[in-house]
Amino acid sequence: MTSPASDGQRKLKLLAVTACPTGIAHTYMAAEKLAQAAAALGIEMKVETQGSIGAENVLDDNDVKEADGIIIAADKDVALDRFAGKKVLSVPVADGIHRPEQLIEQVRSAPVHAGGQSATAGGGAAGSGSGGGGKERSAAYKALMNGVSHMIPFVVVGGLLLAVSIALGGHTTPKGIEFDKDSFWFYVNALGGLGFKLMLPIFSGYIAFALGDRPALVPGMIGGFLAYDGMTIYGADANAGFLGAIATGFLAGYLVVWIRKVKVPKFVQPIMPIIVIPIVSTLALGLFYIYVIGQPISWLFTHLTSWLNGMTGSSAIVLGALIGLMIAFDMGGPVNKTAFLVAVGLIGTNNAVMGMAAAAIPVMPLGQGLATLLRRKLYSDQERETGIAALFMGFFGISEGAIPFAAARPAQVIPANMLGGAVAGAIAGVAGVTDSVPHGGPIVSLFGAVGGAAMFFVAIAAGTAVTALTTNALIDLKGRKAARRGDVGVGVEAAAGTGAAGAGAAGAGAAGAGSLVAEPVLTGVGSGSGARVDAGAVGGAGVGSGGGSGVASGGGSPAPVAAPSGDGAGVDGAAGAAGATDVAGAGPEVLSGYLTARTVKVQLASQDKEAAIREMAEMLASTGNVRDVDELVRVALAREAQGTTGLGEEIAIPHAKTDAVSSPTVGFARSAEGIEWGSLDGTRAKLIFMISVPEAAAGDEHLRILALLSRKLMDPGFQGRLVEAPDTGAVLEVLREIR
C-alpha cells in the first residue's frame, strides 16, 4: 500500500474548496487546517476559499487536470461541474477543521464525480461526508426564514391598517365589525385586507424562491394564493392557511429544483427558466393542490365541524378548551375556521360559544408580543418590533399578528399558542362569557358586544401569560439542547439581524446541523440588518470601513506599557489617568488599528461568559467608540443566544453589530482558568476576541481582517505565543504577526 504522500512514485496532489454560509471564520479555519495537514504528510495541496470577500486562490483548469482528488469542505452549495471525472469528497466545513488528516486519506478512495451536481452544505452530491440530512434541514430552515422575513412587512402593515380602521371607523353588527361603505375608514380597512391577502402568497413564494431561485417564485406565490383563498378560487370548503402556504412553498421550490435537473435539447435551454419551468411547475403544483391537498382539507373541515357541533352540549370547560385549542392552532386554516364558524353559527342560540372563541382569538398575538417583552435576549430587534405590532393587533382581535412567530418556530410557538388558547377558552366557558358579534379580542368588549366583560379580560390575560411563558420556555429549551448537540442558529434566525428571520432571514442561518463548531458571524440583530442566516443564518455579515486607528506610529510614540501584575489590566491605571495613552510600539498597527493597547487585557477578572462580555465591552468603551455599553452587551448576548461563538481550541470571538458603537473596535483578553463558552469541543475559552461594528459599517476590509484572524488562530504556535505573552506590549507584538 502506498503512503498517503505518494501515489506510486508520483507525489500526491490534492485540491480543496472550503466555504461556509457566512464565509468568515470557518472557511479560512478549514483551509488552514487542511493545508497544515497536507504539508505534514508531504502532500501538495491547493485550497480555494469561497469567503465573504469572494473566491480566493481559485483553482484553475490546470490545477484540476493534475489533481488526484478534491475535498469539498463546505456548508453551502459549491459547483462541482469543473471537477467532473475526478474523485470528489464532500463533507461539512467543520470536518475540514477537525478531521483534515482523515479527509486526506478518504479522498483517495472517494467516488468519481460524474458532473451535473453540486455539493450542498457538506451533503452527498459526490462525497461520503456525514451530516447530509442535517444540511438539508438547514437549507429548508433558511428557505422558511426567507419566507418569514418577506412576509413580516405585509403582516405588520396590513394588521395595523386593519386595527386603526376598526378602532376609528368600525361599528358592530350581527355580521361582525363593519364600516360605512365608501367612507375613509372603509378604504383604510380594504387596504389592510389587501396586505393580508398578499401575506401568504409572499410567504410561500419566497420559500420557493430560496430553494429554486426565480423560476420557483411564480408557482410558490400562486400556491400561496390557493392556501389563502381556495374557497373563492376553486370553491374549497376551507382555506389551508399559513400551514398550507408552507407546504406550497416547499413543494414549488423542490419541484423546480427537480425540473431543472431534467436534460433538454440545447435549443430549449434558453426558455427553460422564463417559460417552461414556471408554467410546468405552476400547473403541476396548482392541480396537485386542488385535487390532492384540497381533498383532505375539505374532509378535515367537514368532520371537524360535525364533531364540534356534537360537543356543544358538553361541559363548558371542555368545550371552551377545545374551541381555544382549535382557534390557536393554524390561524386561518381549516382547524381555526371550523371552530370560528361553529361559534358564529351558534350566536343566535348559544352565544357563550362565541364568547369562548372571542377570548381565544387575541391570545396568540398578545402572547407572542408579551414573550418578546419578557425575554428580549431571545429575540432579534425586528422580532421585538413585530412583537409590538402583534400586541396592537391582538387588542383588535387580529390573530394573524402571530403568524410570523409561528412560521419561524412552529414547534415552539404553535403548542404555546394552543395551550394559551385553551386556557382562555376554558376560563371564558366556565365564567359564562358571551359575545353577540362574530369577532374577538378586547375591542369587542369596548363596543359593548360582550357579556361578562370582567371575566372576558381575565380569560384573555391568563391565556396571554400562559402563551408567553410557554413560548419562551420552549425556545430556551431548544437553545440549550442545540448548544449541547452543536446546532447553530437556533432561537433568533435566523438570523438575527433580520428579525424572525428577518432576518433573517435570515437567518437563518445556521452553519448546518452537521457542523461541530459555531460560525462567528458579524450578526446584526437590528431591523434591516442583512441575513442569511442565521442563521443562519445566521445573520448578515458585513463590517464597515472607517474608524480611526488607536495605535500611534512614527516618531515620538510612547513606549509600550506593561500591564501591572495583579490586576490584569491591559493598560495600567497610571496610563489611564494620564489620558489612557495607547500603547504603540514601533511596529505596524494591529488589525488595521481596530485593536489597540486600550482594548487588550492580559487577564479577565470575570468567571462566566456574560460577565466576560460585559467586562470586554467596558474595556472597548475606554476608546470612546462605545456610546452605550449596556446595548453593546445586549446585542452580543443576543448573538450568543443564536449559537455559541466559542470556536473550540480555547478560542471565542463574541461580536456585535450595533449603533451602540460609533466605529469598528476590536478587543482581546485572556483568561488563565478559561471561561465556559459552550464551545462544542468542550474546551473553555482562554483567548477571547470581541468585535463590535456599527450598523452602517460596510466594506471588505473588516471581512479580510476576520479571515486573517481566523487563519492565524489555527496556528498552534501563534496561540501559544498569545498565551505566553507576559504583558500588553508583548501581546500586541504577537498580534502584529497577523498579515
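Residue numbers restart at each chain and count upward from 1, following the sequence in its written direction. pLDDT decides what is reported in this predicted model: residues at 70 or higher carry local features, side-chain atom pairs at 80 or more are listed and counted, and totals for whole chains, interfaces and linings draw on all residues regardless. Where side-chain values are given, they derive from all heavy atoms of the structure, hydrogens and water being excluded.

Draft legend 1. Structural detail: the overall build of the protein chain. By definition, any uninterrupted DSSP run of H or I lasting at least four residues is a helix, any uninterrupted run of E lasting at least two residues is a strand, and each is numbered from the N terminus. Helix and strand counts for the protein chain come out as 24 helices and 19 strands. Among the 739 residues that make up the protein chain, the fraction classed as buried is 57%. Accessible area of the protein chain: about 26,700 Å², with a carbon and sulfur share of 60%. When accessible area is computed with a 1.4 Å probe and restricted to protein chains, residues below 20% of their type maximum are described as buried, those above 50% as exposed, and intermediate ones as partly exposed. The Shrake-Rupley method, run with a 1.4 Å probe sphere, supplies the accessible areas, and residue values consider only the shown protein chains as cover.

Draft legend 2. Broad picture of unusual backbone geometry. Backbone geometry places D182, a non-glycine residue, at a positive phi of 70°. Mapped onto the fold, D182 is located in the loop between β11 (176-178) and α6 (184-212).

Draft legend 3. Local environment of the packing of α6 against helix α8 (residues 241-260). For helices, the fitted line uses only the C-alpha atoms of the stretch in contact; every axis is such a line through C-alpha atoms, and the angle between N-to-C directions lies from 0 to 180 degrees. Close contact between α6 and α8 brings their axes to 8 Å; oriented N to C, the two are set at 30°. Judged on the interaxial angle alone, α8 and α6 are roughly parallel. With respect to the hand of their crossing, α6 and α8 are arranged in right-handed fashion. Here the residues of the contact of α6 with α8 are counted per class, giving 13 nonpolar, 6 polar and 1 charged. What sets the label is the angle itself: under 35 degrees gives roughly parallel, over 145 gives roughly antiparallel, 65 to 115 gives roughly perpendicular, and the rest give oblique. Handedness of a helix crossing follows the sense of rotation of the near helix relative to the far helix, less than a right angle counterclockwise being left-handed and clockwise being right-handed. Amino acids outside the nonpolar list (Ala, Val, Leu, Ile, Met, Phe, Trp, Tyr, Cys, Pro) and the charged list (Asp, Glu, Lys, Arg) are all regarded as polar, and Gly is one of them.

Draft legend 4. Spotlight on the pairing of strand β8 (residues 88-91). Where burial is concerned, the two faces of β8 agree: the one with V88 and S90 and the one with L89 and V91 are both buried. For two strands to be treated as a pair, DSSP must find at least two bridges joining them. In this structure, strand β6 (residues 69-74) lies alongside β8, joined through 4 bridges in parallel fashion. Within β8, the position partnered with I72 by the bridge is S90.

Draft legend 5. Highlighting the side chain of S399. Following the sequence through the fold, S399 ends up in the loop between α14 (381-395) and α15 (403-408). Among the residues examined, S399 registers a relative accessible area of 9% and is labelled buried. Working rule for contacts: check all heavy atoms of both residues, and any pair within 4.5 Å makes them a contact. The contacts of S399, once residues within four sequence positions are left out, are M331, I361, M364 and P365.

Draft legend 6. Layout of the nonpolar core. Ranked by internal contacts, the top residues of the largest apolar core, which has 83 residues, are F203, F242, F250, I323, I327 and F456. Examining the composition of this core, we find that 11 residues originate from one element, helix α5 (residues 132-169), more than from any other. When residues no more than four places from it in sequence are discounted, the contact partners of I323 are L308, A339, V353, M356 and A357. Side-chain atoms within 4.5 Å are what join buried Ala, Val, Leu, Ile, Met, Phe, Trp, Tyr and Cys residues into a set we call a nonpolar core. Core analysis: the next-biggest nonpolar cluster, separate from the first, contains 33 residues, V602, L687, F718 and I738 among them.

Draft legend 7. Main features of the packing of α8 against helix α9 (residues 272-310). Axis separation between α8 and α9 bottoms out at 10 Å; the angle between their running directions is 135°. Classified by the interaxial angle, the pair formed by α8 and α9 is oblique. The two elements α8 and α9 cross, and the hand of that crossing is right-handed. Note on element contacts: α9 touches α8 through M272, I277, V280, S281, A284, L285, F288, Y289 and I293, opposite T248, L251, A252, L255, V256, I259 and R260. Looking at the contact of α8 with α9, its residues break down into 13 nonpolar, 2 polar and 1 charged.

Draft legend 8. Examining the packing of aromatic side chains more closely. Pairing of aromatic rings covers Phe, Tyr and Trp, the last counted by its six-membered ring, and requires centre-to-centre distances within 6.5 Å; plane angles under 30 degrees mean stacked, over 60 mean edge-to-face, and any other angle means tilted. The final tally for this structure, using the stated rule, is 9 aromatic pairs. Taken together, a centroid distance of 5.3 Å and an interplanar angle of 80° make the contact between F186 and Y187 edge-to-face. On the accessibility criterion, Y187 (44% relative accessible area) is partly exposed.

Draft legend 9. How the structure looks around the pairing of strand β19 (residues 685-693). Counting buried positions along β19 yields 8 of 9 residues, so the element is predominantly enclosed. Pairing between strand β16 (residues 651-652) and β19: 2 bridges, direction parallel. Looking across to β19, one finds that A652 is bridged to I688. Summarising the sheet, strand β17 (residues 655-657) and β19 pair through 3 bridges and their orientation is parallel. By the bridge assignment, A656 is partnered in β19 with S692.

Draft legend 10. Layout of a nonpolar patch on the surface. For patches, a residue must show more than 30% relative accessible area and have no salt bridge; joins then use 9 Å for like charges and 5 Å for nonpolar side chains, namely Val, Leu, Ile, Met, Phe, Trp and Tyr. The rule for a salt bridge is simple: a side-chain nitrogen of Lys or Arg has to be within 4 Å of a carboxyl oxygen of Asp or Glu. Taken together, the side chains of L251, I271, I274, I275, I279, L283, L287, F288, Y291 and V292 define a hydrophobic patch exposed on the protein surface, amounting to about 950 Å² of accessible area. Per-element accounting of the nonpolar patch gives the leading share, 8 residues, to α9. Relative to the helices and strands, I274 resides in helix α9. By relative accessible area, I274 is classed as exposed at 63%.

Draft legend 11. Looking closely at the pattern of salt bridges. All chains considered together, the criterion is met by 17 salt bridges. Between K46 and D63 there is a salt bridge, and its shortest N-O distance comes to 2.6 Å. Taken as a pair, K46 in strand β4 (residues 44-51) and D63 in helix α2 (residues 61-66) lie far apart in primary sequence, 17 residues in all. Accessibility expressed as a relative area gives 21% for K46, which makes it partly exposed. For D63, a relative accessible area of 10% puts it in the buried group. R634 serves as the salt-bridge partner of E631, at 2.7 Å between the closest nitrogen and oxygen. Pair noted here: E631 and R634 are both in helix α21 (residues 629-642), with a separation of 3 residues, about one helical turn. Residue classification places R634 among the buried residues on the basis of a relative accessible area of 14%.

Draft legend 12. Spotlight on helix α23 (residues 716-724). Buried residues of α23: F718, Q719 and L722, and no others. End-on view of α23: buried residues confined to an arc of 100°, all on one side of the axis. In α23, those exposed residues whose orientation departs by more than 90 degrees from the buried face are P716 and E724. Throughout, the arc means that of the directions going from the helix axis to the C-beta atoms.

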